[in-house]
Amino acid sequence: MENTKATIGNTPFAGHVAPELLVLDRGEGAWLYDKAGNKYLDFGSGIAVNALGYGREDMAQVVYAQMKKLIHIPPLWTTEPALELGKKLVASGPFAAVHLGSSGTEANEAALKFARLYARRVKGEGHHKILCFENAFHGRTMGALSCTPIAKYQDPYKPLVPGMLSVPYNDVEALKAALNEEFAAVIVEIVQGEGGLACMTQAFAEELGALCKKHDIILIVDEIQTGLYRTGSLYASLEIGLKPDILTLAKPLAGGLPLSATLLADKVNKLIHVGEHGTTFGGGPVTTALGLFVWEELNKPAFLAELKEKIQYLDELLKELKQGSSCVGELKGKGFLRGIEILDTKGKGDELMPDVLAKAQAEGLLVLRSGKNIMRIAPSFIISGQELKLGVELLHKVLKNYE
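Reference entry: report on the structure contained in this document. All values reported here derive from a predicted model rather than from experimental measurement.

Rules of the game
Numbers given to residues run from 1 along each chain, matching the order in which its sequence is written. Only residues with pLDDT of at least 70 get local features here, since the model is predicted, and only at 80 or more are side-chain atom pairs given and counted; chain-wide, interface and lining totals rely on the full set of residues. Side-chain numbers here rest on the full set of heavy atoms in the structure, without hydrogens or water. Between buried and exposed lies partly exposed: a residue is buried under 20% and exposed over 50% of the maximum accessible area for its type, with that area taken using a 1.4 Å probe on protein chains only. Helix and strand assignments come from DSSP, with helices taken as H or I runs of at least 4 residues and strands as E runs of at least 2, each series counted from the N terminus. What makes two strands pair is DSSP finding at least two bridges between them. For crossovers, right-handed means that the path from the first strand over the helix to the second runs clockwise, given strands pointing away from the viewer. It only takes one pair of heavy atoms within 4.5 Å for two residues to be counted as in contact. Definition of a polar contact: a pair of N or O atoms within 3.5 Å, with one able to donate and the other able to accept a hydrogen when the atoms are protein atoms, and with sequence-neighbouring residues admitted only if both atoms are side-chain atoms. For helices, the axis comes from a line fit to the C-alpha atoms of the stretch in contact; other axes are also lines fit to C-alpha atoms, and the angle between any two N-to-C directions lies between 0 and 180 degrees. Nonpolar cores were defined as sets of buried Ala, Val, Leu, Ile, Met, Phe, Trp, Tyr and Cys residues, with membership established by side-chain atoms within 4.5 Å. Here roughly perpendicular refers to angles of 65 to 115 degrees, roughly parallel to angles under 35, roughly antiparallel to angles over 145, and oblique to all remaining angles. Crossing handedness is defined as follows: a turn of the near helix away from the far one that is anticlockwise and smaller than a right angle gives a left-handed crossing, while the clockwise case is right-handed. Three classes are used: nonpolar for Ala, Val, Leu, Ile, Met, Phe, Trp, Tyr, Cys and Pro, charged for Asp, Glu, Lys and Arg, and polar for all others, with Gly counted as polar. Between the rings of Phe, Tyr and Trp (Trp by its six-membered ring), a pair exists once the centres lie within 6.5 Å; its type follows the angle of the planes, with under 30 degrees stacked, over 60 edge-to-face, and the other angles tilted. The criterion for a charge sitting over a ring is simple: Lys NZ or Arg CZ within 6 Å of the ring centre, and within 35 degrees of the ring normal. In this analysis, the expected span of each helix is defined as 1.5 Å times one less than the number of residues it contains. The salt bridge criterion pairs a side-chain nitrogen of Lys or Arg with a carboxyl oxygen of Asp or Glu, the two atoms within 4 Å.

**Side note on the pairing of strand 10 (residues 218-222)**
Counting buried positions over the 5 residues of strand 10 gives 5, a clear majority of the element. Burial along strand 10 is two-sided: the face carrying Ile218, Ile220 and Asp222 and the face carrying Leu219 and Val221 are both buried. In this structure, strand 9 (residues 183-188) lies alongside strand 10, joined through 4 bridges in parallel fashion. Across the sheet, Ala185 pairs through a bridge with Ile218, a residue of strand 10. In terms of handedness, the path from strand 9 via helix 8 (residues 202-214) over to strand 10 forms a crossover that is right-handed. In terms of strand pairing, strand 10 meets strand 11 (residues 246-249) through 3 bridges, oriented parallel. Residue Asp222 lies in a different strand from strand 11, and its bridge partner there is Thr248.

Okay, here's the thing in structure tokens:
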């Protein structure tokens, strides 16, 4: 493929950006095209954002129609798309209200604030601690970062927000030993999107739900990556039997535009007073108009039936890949949020990962990384079975280099 990368030296981006970037030009369906016209099958869908794929005329028309009427209004007022989407979100689970924001980390910041507000007003001062879990990722703003206990993300920005404690994920005994009535909240993912795609066990979910109820601790479930059918169900937390007091959404909610949601149980919402939280851009007319379209598309019975078939097919393809490749270890994750453990001859693959991802890109396949040596797959929901097969075949071709 022709070299279409722009190095950090000739871009205006800050130093946290990778030293070279693929310059993309357009997208169509599950495919992306660079400036030279090279095509790439996108197995990451914009880090689980572009659930409905690229280049859709119907989505563009929704945005265009709304932009002709209103692009932005301040949160002093609202619009019909925001009201309609909000009602659908609230009705989707055990919720009484929703705060609309712009990004996943903002959704989690709001959740942490509301949880501490609840604990202060119900339990009093001194009940502000937040429990999170090793290898979790909840965002990069200071509150969300403080409950993302991964050194490479936290260390440059210490000291962080106090009152955070992390324990091993899926460790029932550690959970029981740590959690008590001093805590305001627990924040947790059902599948650890950035932490190696470990899935919550049923036993852990049951103990977590019971302890939060016993100690009146707000249960925050971060479904930024898992929500809206990414794992096969609307919300992974409800499927495993949890009843979140606060649930956060973002990534696919507005089909690629910035929109997030913090869904609140009644016991939390009724304690929040006007003006105690806010946003300038969250829940704007354009993003919520597109969000409403995405919600309706995702919830069509025929669409969901087809998605379940494709999820099952991907699972079969990945099992075949594991059987046919000596450098594939465990298969992780769930639904259309899957992980492939990459192993080298010494049983570890973390040093291989940059080369694996680069070779995949050179073959015309875009994949992601999770944790140290997990290749993350999060395709768009509109990808075809044939494209899934092609993508896995390309992966097999790439992995042959390391056998």
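**A closer look at the environment of Ser260**
Considering the arrangement of structural elements, one finds Ser260 in strand 12 (residues 260-264). Since its relative accessible area comes to 1%, Ser260 is described here as buried. With 161 residues separating them in the primary sequence, Ser260 and His99 have C-alpha atoms 8.2 Å apart. Contact partners of Ser260, with chain neighbours within four places excluded, come to His99, Leu100, Gly101, Ser102, Ser103, Gly104, Ala107, Leu249, Ala250 and Leu253. Side-chain polar atoms of Ser260 contact the backbone nitrogen of Ser102, separated by 3.3 Å.

**Examining the sheet that holds strand 12**
Where strands meet in a sheet, backbone hydrogen bonds hold them as pairs that are either parallel or antiparallel. Taken together, 7 strands build an open sheet; the order of strands is 6-12-11-10-9-7-8 and the sheet is mixed. Looking at the sheet topology across the chains shown, the edges are occupied by strand 6 (97-101) and strand 8 (164-167). Across the sheet, the axes of successive neighbouring strands diverge by a mean angle of 20 degrees, strand direction being ignored. Here strand 7 (residues 129-133) runs beside strand 9; their pairing, made up of 3 bridges, is parallel. Along strand 9, the bridge assignment pairs Leu131 with Val186.

**Structural notes on the nonpolar core**
Core analysis: the largest hydrophobic core is formed by 61 residues, its most contacted members being Phe43, Leu89, Tyr235 and Ile340. For Tyr235, the contacting residues outside a window of four places in its chain are Leu89, Ser92, Phe95, Glu223, Gly227, Leu228, Leu247, Leu249, Leu263 and Trp295. If you look at the next biggest cluster of nonpolar residues, it comprises 24 residues, including Val167, Leu179, Ile190 and Leu208.

**Some thoughts on the packing of helix 3 (residues 80-90) against helix 11 (residues 285-298)**
Between helix 3 and helix 11, the least distance of the axes is 8 Å, while the angle of their chain directions is 40 degrees. Here helix 3 is positioned oblique relative to helix 11, judged by the angle of their axes. Here helix 3 and helix 11 pass one another in a crossing that is left-handed. Contact residues: helix 3 offers Pro81, Ala82, Glu84, Leu85, Lys88 and Leu89, while helix 11 offers Pro285, Thr288, Ala289, Gly291, Leu292, Trp295 and Glu296. Partitioned by chemical class, the residues of the contact of helix 3 with helix 11 number 8 nonpolar, 2 polar and 3 charged.

**With respect to the packing of aromatic side chains**
All chains considered together, the criterion is met by 6 aromatic pairs. Relative to Tyr235, the ring of Phe95 has its centre 6.4 Å away and its plane inclined at 80 degrees; by these criteria the two rings are edge-to-face. Here Phe95 is found in the loop between helix 3 and strand 6, whereas its partner Tyr235 is found in the loop between strand 10 and helix 9 (236-240), with 140 residues between them in sequence. Ring centres 5.3 Å apart and planes at 75 degrees place the aromatic pair Phe137 and Tyr153 in the edge-to-face group. Of this pair, Phe137 sits in the loop between strand 7 and helix 5 (142-146) while Tyr153 sits in helix 6 (residues 151-154); the two residues are 16 residues apart in sequence, bridging distant segments of the chain. Members of the aromatic cluster, each reached through a chain of ring pairs, are Phe133, Tyr169 and Phe204. Looking at Arg26, its charged tip hangs above the ring of Tyr33, at a distance of 4.0 Å from the centre. It is Lys39 that lies over the ring of Trp31; its NZ or CZ is 4.1 Å from the centre.

**Some thoughts on helix 2 (residues 57-69)**
Turn by turn, an α-helix covers 3.6 residues, leaving residues three or four places apart pointing in a common direction. Across its 13 residues, helix 2 extends 19 Å between first and last C-alpha, which sits within 8% of the 18 Å expected from 1.5 Å per residue. On its buried face, helix 2 is in contact with helix 3 and helix 11.

**Let's talk about the pattern of salt bridges**
What the rule picks out here adds up to 20 salt bridges. Between Asp155 and Lys158 there is a salt bridge, and its shortest N-O distance comes to 3.0 Å. With a relative accessible area of 41%, Asp155 lands in the partly exposed category. Linking Lys334 and Glu239 is a salt bridge whose minimum nitrogen-to-oxygen distance equals 3.0 Å. Placement of Lys334 in strand 13 (residues 328-334) and of Glu239 in helix 9 is noted, with a sequence separation of 95 residues between them. Since its relative accessible area comes to 34%, Lys334 is described here as partly exposed. Each of the salt bridges in this network shares a partner with another, and the network as a whole consists of Arg56, Asp58, Glu297 and Lys300.

**Some details on the sheet that holds strand 13**
Spatially, 13-14-17-16 is the arrangement adopted by the 4 strands of the open sheet, whose pairing is antiparallel. Looking at strand neighbours, the two that pair on one side only are strand 13 and strand 16 (368-370), the edges of this open sheet. The sheet shows a mean angle of 30 degrees between the axes of neighbouring strands, taken without regard to direction. Sheet topology places strand 16 next to strand 17 (residues 374-377); 3 bridges connect them, and they run antiparallel. Among the inter-strand pairings, Leu368 is bridged to a residue of strand 17, identified as Arg376. In this fold helix 12 (residues 301-323) packs onto strand 13, strand 14 (337-342) and strand 17, with an angle of close to 165 degrees to the strand it touches most, strand 13.

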